[in-house]
Amino acid sequence: MDDARRGGWASRFGFIMAAAGSAVGLGNIWKFPYVTGAHGGGAFLAIYLVCVFGFGLALVMAELVMGRMSRRNPVGAFKRLAGSAWPAAGGLGVVTAVVILSFYIVVAGWAIAYLVYALDGALSATDADALNALFRRLTGAPVAPLLYAAAFMLATAVVVARGIAGGIERMSKLFMPLLFGILVLLVLRAVTLPGAGEGLAFFLRPDWSSVDIGTVSAALGQAFFSLSLGLGGLITYGSYMSPRQNLGRDALAVVLLDTVVAVLAGLMVLPAMMAAGMTPAEGGPGTTFKVLPAVFAAMPAGRLFSIGFFLLLTLAALTSSVSLLEPVVSYLVDERGLKRTTASALGSLVCFALAVPVSLSFGVWHEVTFAGLTLFGLMDFFASHLSLPIGSLLTAICLGWVVGRPALDELASRGQPVAAWAPVWLFFIRFIAPFAIAWILIQGLIPG
Ligand code: PFF
């Protein structure tokens, strides 16, 4: 498809909301609290922040630059900018997007289920055992979670099929500010719960004694997952950016928003979890779902809050899932000549087919493990610990070494001189990011 007909963002605010919508999602509200809990709290948070501002920001800019320079999907972008040996790097991204989507829609389906429970008034229990049982009953069931996942996949496909400005941008502009508002209210409640102090200390006070390379590798993977890095989602979003937009400043806005929401989610979930007597290390993927209903139930207008929260969790997941489907769809449209609607339908069907075994791996197939991991665990490991870091490594090498200096001009908005800090960014993309990521990747894989 030619560049002019691909469409684009209608406004700068729209782009920021869509890109922040991509970044802010289940990764922040569902995953960040339990991964932080599993890796010791404050020290993990500190390493996470170093990863976000040390690598994440520069790489977000790198992906957006690649997209805006090439006006292509990830596969096409690598091909246009670096030649015929590179499209495999984009191909890995497209495959990774499918893998992540296939577990993302399962968890998003849980959010819809909890929304239904909240509407029904079925979330009134405050004791941990009852909430545990509820979560297990839902996720262990063979059919119901898949119906919710299918509904969510369908919604994602419909938005993506409607295109960039009319679908993704319109939705994000509406939902993101709402999400932010409700999160702030919930945090205020969670941190003032009796017994919250212990959780706050756990989250905010680093205890370095438990840190090892596994912690660093998990923090890096979480940072990439949360910032939507490493699979070309942001290459695709960058490809719809206006040349007049100040790319560096907008990238910073997206990274800040994402980080603030992750920290807010940590402040919301970890204190509530410890106030309820649960051990952070053992929370696992059910944490947010098991902990927050108790907070709501004990609040005035709690039912309203729980409805609002699970609605917004679903919507936050949706503004992210569209950015996972979009690279797949733009690949099929740009490179394979499919129509947007056909491509959306095809991509969604494949992801849903893969979601079936993932969903069952929380229930009847729980015992089926690979190297000690359930299928969900395996896919999550593949994405966060392998594929996203490898994708980011290849992006840094391609942009830093193959594209090189022209990337600096692209970073400047049209007609503007290259900013004084931009060469520092290029130096970082060339020399620091590739070596650091490669080192963490290799160390993280050596069995300890
Ligand atoms: N950043 C999203 C989240 O935190 O939920 C997940 C995600 C979206 C990862 C898009 C990768 C991506 F390309």
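All values reported here derive from a predicted model rather than from experimental measurement.

Remarks on the pattern of salt bridges
Then, number 1: Within the structure shown, the criterion is met by five salt bridges.
Then, number 2: Close ionic contact of Lys79 with Glu335 constitutes a salt bridge, the shortest N to O distance being 3.1 Å. Within this pair, whereas Lys79 is found in helix α4 (residues 74–82), its partner Glu335 is found in the loop between α14 (302–334) and α15 (340–360), the two being separated by 256 residues in sequence.
Then, number 3: By relative accessible area, Lys79 is classed as partly exposed at 41%.

Considering the nonpolar core
Then, number 1: In terms of nonpolar packing, the biggest core is built from 162 residues, with Met268, Phe289 and Trp425 touching the most fellow members.
Then, number 2: With residues up to four places along the chain from it excluded, the contact list for Met268 reads Ile29, Leu183, Leu186, Val187, Ala190, Leu292 and Phe309.

Brief notes about the confidence of the model for the protein
Then, number 1: Within the protein, residue pLDDT values average 90, and 98% of them lie at 70 or more.
Then, number 2: The lowest-confidence element of the protein is helix α8 (residues 164–191), averaging 79 in pLDDT; the highest-confidence one is α15, averaging 97.

Brief notes about helix α1 (residues 12–23)
Then, number 1: Over its 12 residues, α1 extends 16 Å from the first C-alpha to the last, a length consistent with the 16 Å expected when each residue adds 1.5 Å.
Then, number 2: Among the 12 residues that make up α1, 10 are buried, leaving the element largely enclosed by the rest of the structure.
Then, number 3: Of all the positions in α1, only Gly14, Phe15, Ile16, Met17, Ala18, Ala19, Ala20, Gly21, Ser22 and Ala23 are classed as buried.
Then, number 4: Between the side-chain oxygen of the N-cap and the backbone nitrogen of Gly14 there are 2.9 Å, and the N-cap of α1 in question is Ser11.

Details of the packing of aromatic side chains
Then, number 1: All chains considered together, the criterion is met by 24 aromatic pairs.
Then, number 2: Taking 5.2 Å as the distance between ring centres and 80 degrees as the angle between the ring planes, the aromatic pair formed by Trp401 and Phe431 counts as edge-to-face. Of this pair, Trp401 sits in helix α16 (residues 375–403) while Phe431 sits in helix α18 (residues 422–445); the two residues are 30 residues apart in sequence, bridging distant segments of the chain.
Then, number 3: We classify Phe431 as partly exposed; its relative accessible area is 35%.
Then, number 4: Relative to Phe431, the ring of Phe427 lies with its centre 5.0 Å away and its plane at 40 degrees, an arrangement referred to as tilted.

About the thresholds
- Sequence positions are assigned chain by chain, starting from 1 and proceeding in written order.
- Residues qualify for local features only when their pLDDT is at least 70, as the model is predicted, and side-chain atom pairs are given and counted only at 80 or more; totals for whole chains, interfaces and linings, by contrast, use all residues.
- For side-chain calculations, the full set of non-hydrogen atoms in the structure is used, while hydrogens and water are omitted.
- Each reported salt bridge corresponds to a side-chain nitrogen of Lys or Arg within 4 Å of a carboxyl oxygen of Asp or Glu.
- Each helix is a run of DSSP H or I of at least 4 residues and each strand a run of E of at least 2, with the numbering of both proceeding from the N terminus.
- Burial here depends on accessible area, computed with a 1.4 Å probe over protein chains only, as a share of the maximum for the residue type. Under 20% is buried, over 50% is exposed, and the range in between is partly exposed.
- For this analysis, a nonpolar core means a set of buried residues of the types Ala, Val, Leu, Ile, Met, Phe, Trp, Tyr and Cys, connected via side-chain atoms within 4.5 Å.
- Contacts are assigned to residue pairs that have any heavy atoms within 4.5 Å of one another.
- pLDDT measures how confident the predictor is about each residue, on a scale from 0 to 100.
- One fewer than the residue count of a helix, multiplied by 1.5 Å, yields its expected span.
- Contacts described as polar in this section are N or O atom pairs within 3.5 Å, which, within protein, must combine one atom able to donate a hydrogen with one able to accept it, while residues neighboring in sequence count only if both atoms come from side chains.
- Under the pairing criterion, centres of Phe, Tyr and Trp rings, with the six-membered ring standing for Trp, must be within 6.5 Å; the plane angle then separates stacked pairs below 30 degrees from edge-to-face pairs above 60, leaving the rest tilted.

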